[in-house]
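Listed here are the chains, written in short residue letters.
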Amino acid sequence: MSAGSVAVVVTEEIGVPSWDLYELSIPCTVFGKPQPDLADPWYDLRLCGTRGGPEEGDGGAGGHGLSLRTRYGLDDLVGADTVIVPSVPDPCVEEGRPLPRELIEALRRAHDAGARMVSLCTGAFALAEAGLLDGRRATAHWMHTAQLAERYPKVQVDASVLYVDDGDVLTSAGLTAGLDLCLHLVRRDLGAHVANQLARRMVVPAHRPGGQAQFIELPVPAGDDEGLAPVLEWARANLDRPLTVADLARRAAMSPRTFYRRLQAVTGTTPLQWLLDQRLGRARSLLESTDLPIEKVGELSGLGTANNLRHHFLRHLGVSPGDYRRAFPGAEATGRGRTRV
């Protein structure tokens with residue numbers, strides 16, 4: 001087992017938005033601070049900028065920008081054991097602004113030289129642009145996975161996971177999922193004991209259950225239909241009842257076929273899937289904001305028994321109801337206590 005060298009790409013050096021520092025700080029914290037009692041030598045960390053030196057700038061980012069000075073440039077990516085792209089500038093994701101050609105070429109050279117390639121959050125867009133994700137399963141922050149899949153159709157985008165380990169190329173979801181992936185790299189390189197001890201020092205779990213599906217918001221209906229609004233609102237208020245498509249169609253004064261077609265046009269999904277999504281949403285809300293027993297949560301959400309609730313959570317969110325509640329401590333985290341309904 002060996003730590004090796006880690007080259008972290010700093011994709012912006014002038015006018016860096018302060019909120020982008022989080023992803024950059026993760027590999028710096030995990031790989032940059034020596035831990036001689038855990039492994040000696042520790043990782044050799046290098047911050048590699050895209051500009052090759054400091055430049056003058058106005059700070060940008062609405063007055064919240066920062067300027068960074070790096071000792072290393074893109075040429076130093078070649079020869080590193082691991083190359084990490086923490087993120088890319090927001091305009092490259094939201095507006096399709098091209099990434100620097102020299103960055104893309106440097107990533108390709110590093111991969112050809114045998115480096116393990118890693119992206120955190122939107123850093124996946126850089127690896128995808130370099131062609132390093134073609135034919136591979138990959139992920140990014142769930143808010144950007146649709147854009148990633150549309151822009152790079154050769155990439156098998158999985159929006160449900162915290163990270164993907166495809167051997168020599170690894171990608172993570174956004175924000176704290178980047179920490180999950182970096183600890184996974186330590187586990188691969190130096191073993192579970194070292195990774196677990198490092199996680200304890202960082203006051204984080206060594207491994208989080210489930211994927212980012214548990215954090216994705218339920219989709220907002222794509223359209224509006226005044227004729228359906230009252231019955232859908234009624235259904236949301238009566239999720240604890242054994243509702244059927246025939247019941248909803250009858251309440252909407254439509255045939256089941258017409259109701260099916262109208263609901264699909266408005267929500268983009270089938271009536272049964274819509275009902276399941278609402279029940280899951282209700283269960284999630286109850287788990288987040290109350291201390292009700294799991295059995296009661298299943299009953300009030302219309303998902304039935306505790307076993308049935310667990311089945312649906314594992315299938316659709318990748319996590320058990322109990323683990324979901326622990327991931328969302330709700331009012332307890334603020335000291336106000338949970339509510340009861």
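Conventions and cut-offs
- Residues numbered from 1 in each chain as written.
- Predicted model: local features only at pLDDT ≥ 70, side-chain atom pairs only at ≥ 80, totals over all residues.
- Heavy atoms only, no water.
- Helix = DSSP H or I, 4+ residues; strand = E, 2+ residues; numbered from the N terminus.
- Buried < 20%, exposed > 50% of the residue type's maximum accessible area, 1.4 Å probe, protein only.
- Contact = heavy atoms within 4.5 Å.
- Areas by Shrake-Rupley, 256 points an atom, 1.4 Å probe, with all protein chains shown as cover.
- pLDDT = per-residue confidence, 0-100.
- Pairing = 2+ DSSP bridges.
- Disulfide = S-S within 2.5 Å.
- Salt bridge = Lys/Arg side-chain N within 4 Å of Asp/Glu carboxyl O.
- Expected span 1.5 Å × (residues − 1).
- Arc of directions from axis to C-beta.
- Axes fitted to C-alpha atoms, helices over the stretch in contact; angles between N-to-C directions.

### Details of the overall build of the chain
- Scanning the chain for helices and strands turns up 14 helices and 10 strands.
- In the chain, buried positions account for 48% of the 341 residues.
- Contacts in the chain between residues at least 24 apart in sequence constitute 68% of all its contacts with a sequence separation of at least 6.
- Accessible surface for the chain amounts to roughly 16600 Å². Of this, 50% is attributable to carbon and sulfur atoms.

### Re the confidence of the model for the chain
- Here the chain averages 84 in pLDDT, while 84% of its residues score no lower than 70.
- Per-residue pLDDT stays below 50 along residues 53-63; that stretch engages in 14 contacts with residues further than four places along the chain or on separate chains.
- Ignoring residues within four places in sequence, the model shows residues 330-341, a span with pLDDT below 50, making 24 contacts including any to other chains.

### Concerning the pairing of strand E10 (residues 169-172)
- Taking every second residue as pointing to the same face, both faces of E10 are buried, with Val169 and Thr171 on one and Leu170 and Ser172 on the other.
- The pairing of strand E6 (residues 116-119) with E10 spans 3 bridges and is classified as parallel. Bridged to serine 119 within E10 is threonine 171.
- Pairing analysis gives 3 bridges linking strand E9 (residues 163-165) to E10, with the strands arranged antiparallel. Its bridge partner lying in E10, tyrosine 163 is registered against serine 172.
- Remark: 3 residues form the turn of the hairpin made by E9 and E10, two consecutive strands paired antiparallel; glycine 167 in that turn has positive phi of roughly 85°.

### Description of the state of the cysteines
- Summed over all chains, the structure comprises 0 disulfides.
- Here cysteine 182 stays free of any disulfide, with the sulfur of cysteine 28 as its closest cysteine sulfur at 9.6 Å.
- According to the relative accessible area criterion, cysteine 182 is buried, its value standing at 0%.

### As for the environment of leucine 68
- Here leucine 68 is to be found in the loop between strand E4 (65-66) and strand E5 (82-85).
- Take leucine 68: its relative accessible area is 23%, and that puts it in the partly exposed class.

### Comments concerning the pattern of salt bridges
- The final tally for this structure, using the stated rule, is 13 salt bridges.
- When the shortest N-O distance is used, the salt bridge between arginine 136 and aspartate 168 registers 3.1 Å. Note that arginine 136 is positioned in the loop between helix H4 (124-129) and strand E7 (137-138) and aspartate 168 in the loop between E9 and E10, a separation of 32 residues in sequence.
- The exposure class of arginine 136 is buried, given its relative accessible area of 17%.
- Across the pair arginine 326 and aspartate 323 runs a salt bridge whose closest N-O atoms are separated by 2.6 Å. Taken together, the residues span about one helical turn, with arginine 326 and aspartate 323 both in helix H14 (residues 321-327) at a distance of 3 residues.
- Accessibility expressed as a relative area gives 23% for aspartate 323, which makes it partly exposed.
- Sharing partners across several salt bridges, the network here consists of Arg136, Asp166 and Asp168.

### Some points on helix H10 (residues 256-267)
- Here H10 is 12 residues long and its end C-alpha atoms lie 16 Å apart, about the 16 Å a rise of 1.5 Å per residue gives.
- Within H10, burial applies to Phe259, Leu263, Val266 and Thr267. Around the axis of H10, the buried residues are gathered within 75° of arc, so they sit on the same side. Along H10, exposed side chains directed more than 90 degrees from the buried face belong to Arg257 and Ala265.
- Buried residues belonging to H10 abut helix H8 (229-237), helix H9 (245-251) and helix H11 (271-289).

### A closer look at H11
- Under the 1.5 Å per step criterion, the end-to-end length of H11 is 27 Å for 19 residues, consistent within 8% with the ideal 27 Å.
- Burial in H11 covers these residues: Pro271, Trp274, Leu275, Leu276, Asp277, Gln278, Arg279, Leu280, Ala283, Arg284, Leu286 and Leu287.
- Buried residues in H11 make contact with H8, H9, H10, helix H12 (294-301), helix H13 (306-316) and H14.

### Overview of the pairing of E5
- With burial as the criterion, each face of E5 is covered, one bearing Thr82 and Ile84 and the other bearing Val83 and Val85.
- Summarising the sheet, strand E1 (residues 5-10) and E5 pair through 3 bridges and their orientation is parallel. Across the sheet, alanine 7 pairs through a bridge with valine 83, a residue of E5.
- Relative to E6, E5 runs parallel, the two being bridged by 4 bridges. Note that in E6 the partner of isoleucine 84 across the bridge is valine 118.

### Details of the sheet that holds E1
- In spatial order, the strands read E3-E1-E5-E6-E10-E9; together these 6 strands make up an open sheet with mixed pairing. Across the chains shown, the open sheet's two edge strands, defined by having one partner strand only, are strand E3 (44-49) and E9. When strand polarity is set aside, the average angle formed by the axes of neighbouring strands in this sheet is 15°.
- For E1 and E3, the ladder comprises 6 bridges, and the chain directions are parallel. Following the sheet pairing, serine 5 is matched in E3 by aspartate 44.
- Contacting E1, E3 and E5, helix H1 (residues 21-32) crosses the sheet at an angle of about 155° to E3.

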